[in-house]
Structures are given as C-alpha cells and as structure tokens.
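# Coordinates in review
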Amino acid sequence: QVQLVESGGGLVQAGGSLRLSCAASGRTFSSYAMGWFRQAPGKEREFVATITWSGGNLYYAGSVKGRFTISRDNAKNTVYLQMNSLKPEDTAVYYCAARSSGTSWSPRVYDYWGQGTQVTVSS
C-alpha cells in the first residue's frame, strides 16, 4: 500500500515557476514508477510526466517538454515536478500516481493516487 500527498500548488503569473512535491508513505516507494497527471475543469485527466523507479528514464508530454522536469529522491520517498515558464493552459489540478509495473502515459493503469494540488496560472 502506498499513500501519496501532493503539495506546492498555488497561484502564479504566466512565465513563473512552481515546484510540486509528492510525499509517499510505505517502504516500497523506490520500487514504483511515478507519474504526474493533471486535470482541468471539464477535461479528462492527462499525462504530464513519468519517471522509472531508479530515476534513470524520464518521459514527458509534448506540451510540457522543455519546461517541466520530473525527479525523485528515493531516500526521502518524494517525487518532484519542477514547472518553469508556466502558461495559463497549465492551469489544472495536478496529481501524482504510483505504478508497480513501470512507467506509462495512461492514468488508467496506475495503482495509487494522491488527492491533487491546484495550480493556477494567471495571464
């Protein structure tokens, strides 16, 4: 069992930065691939970024590549999402998720989810 708690969301102007954190409980955190997803009002949950258990492989959605960076610290049971050059279209609730079977872009295959943190980017 893994419990996930996101933090770091907030209101920022376009062009600004935020760093999201996702703290995980459970001794097996280091064996899970982790993902960040987001959901805007009226839209489906969409893939943002994912990282393998070792941190050796990273994957990004095209819309955030070059602006967002996913990382993890297994000693701290935490995964991060550094978001730079934010745009109004990045406004959404951001969720972290854990998957025991490797990375995936599909939210349907993740095993555990956090409660989400709101990110609002003003123009």
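Details of the structure are given in the entry above.
Presented here is a report on the structure given in the accompanying data block. (Residues numbered from 1 in each chain as written. Predicted model: local features only at pLDDT ≥ 70, side-chain atom pairs only at ≥ 80, totals over all residues. Heavy atoms only, no water.)

## Considering the sheet that holds strand 8 (residues 78-83)
Here we have 4 strands laid out as an open sheet, ordered 1-3-8-7, and antiparallel in their pairing. The sheet is open, and its two borders are formed by strand 1 (4-7) and strand 7 (68-73), each paired with just one other strand. Taken over all neighbouring pairs, the strand axes of this sheet differ in orientation by 15° on average, direction set aside. As paired strands, strand 7 and strand 8 are joined by 6 bridges and run antiparallel to one another. The residue of strand 8 that forms the bridge with Ile70 is Leu81. (Pairing = 2+ DSSP bridges. Helix = DSSP H or I, 4+ residues; strand = E, 2+ residues; numbered from the N terminus. Axes fitted to C-alpha atoms, helices over the stretch in contact; angles between N-to-C directions.)

## A closer look at the pattern of salt bridges
All told, the structure shown has 3 salt bridges when counted by the stated rule. A salt bridge links Glu46 to Arg38; the nearest nitrogen and oxygen atoms lie 2.5 Å apart. The shortest N-O distance in the salt bridge between Asp90 and Arg38 comes to 2.9 Å. Of the two residues, Asp90 sits in the loop between strand 8 and strand 9 (92-99) while Arg38 sits in strand 4 (residues 33-39), which places them 52 residues apart along the sequence. Arg38 carries the same exposure label as Asp90, and that label is buried. Each of Arg38, Glu46, Arg67 and Asp90 takes part in one network of salt bridges that share partners. (Salt bridge = Lys/Arg side-chain N within 4 Å of Asp/Glu carboxyl O. Buried < 20%, exposed > 50% of the residue type's maximum accessible area, 1.4 Å probe, protein only.)

## Overview of the side chain of Thr50
Inspection of the secondary structure puts Thr50 in strand 5 (residues 46-51). The class of Thr50 is buried, set by a relative accessible area of 1%. Among the polar contacts made by the side chain of Thr50, one reaches the main-chain carbonyl oxygen of Met34 at a distance of 2.9 Å. A polar contact is formed between the side chain of Thr50 and the side chain of Tyr110, at a distance of 3.1 Å. For Thr50, the contacting residues outside a window of four places in its chain are Met34, Gly35, Asn57, Leu58, Tyr59, Ile70, Thr103, Ser104 and Tyr110. (Polar contact = N/O pair within 3.5 Å; in protein donor to acceptor, adjacent residues only side chain to side chain. Contact = heavy atoms within 4.5 Å.)

## Side note on the state of the cysteines
Applying the stated criterion across every chain, the model contains 1 disulfide. Each disulfide pairs two cysteine sulfurs, and for Cys22 the partner residue is Cys96, the sulfurs being separated by 1.9 Å. With the S-S dihedral at roughly 50°, the linkage between Cys22 and Cys96 falls on the right-handed side. Pair noted here: Cys22 is in strand 3 (residues 18-24) and Cys96 is in strand 9, with a separation of 74 residues, a long-range link. The class of Cys22 is buried, set by a relative accessible area of 0%. Its relative accessible area of 0% is what places Cys96 among the buried residues. (Disulfide = S-S within 2.5 Å.)

## Some words on the packing of aromatic side chains
By the definition in use, this model includes 6 aromatic pairs. Summarising the aromatic geometry, the rings of Tyr32 and Tyr112 are spaced 6.0 Å apart at their centres and angled 70° between planes, so their arrangement reads as edge-to-face. Of the two residues, Tyr32 sits in the loop between strand 3 and strand 4 while Tyr112 sits in strand 10 (residues 112-113), which places them 80 residues apart along the sequence. Summarising the burial analysis for this pair, Tyr32 and Tyr112 share the class buried. Taking the centre distance of 5.1 Å and the plane angle of 55° together, the rings of Phe37 and Trp113 count as tilted. Taken together, the positions of Phe37 in strand 4 and Trp113 in strand 10 put the pair 76 residues apart, joining distant regions of the chain. Looking at Phe37, the relative accessible area reads 0%, which means it is buried. Through successive ring pairs, a cluster of aromatic residues spans Phe37, Phe47, Tyr95, Tyr110 and Trp113. For the cation-ring pair, Arg45 lies above Tyr95, with the distance from its terminal atom to the ring centre recorded as 3.7 Å. Geometry around Phe29 places Arg72 over its ring, the cationic atom sitting 4.6 Å from the centre. (Phe/Tyr/Trp six-rings, centres within 6.5 Å; stacked < 30°, edge-to-face > 60°. Lys NZ or Arg CZ within 6 Å of the ring centre and 35° of its normal.)

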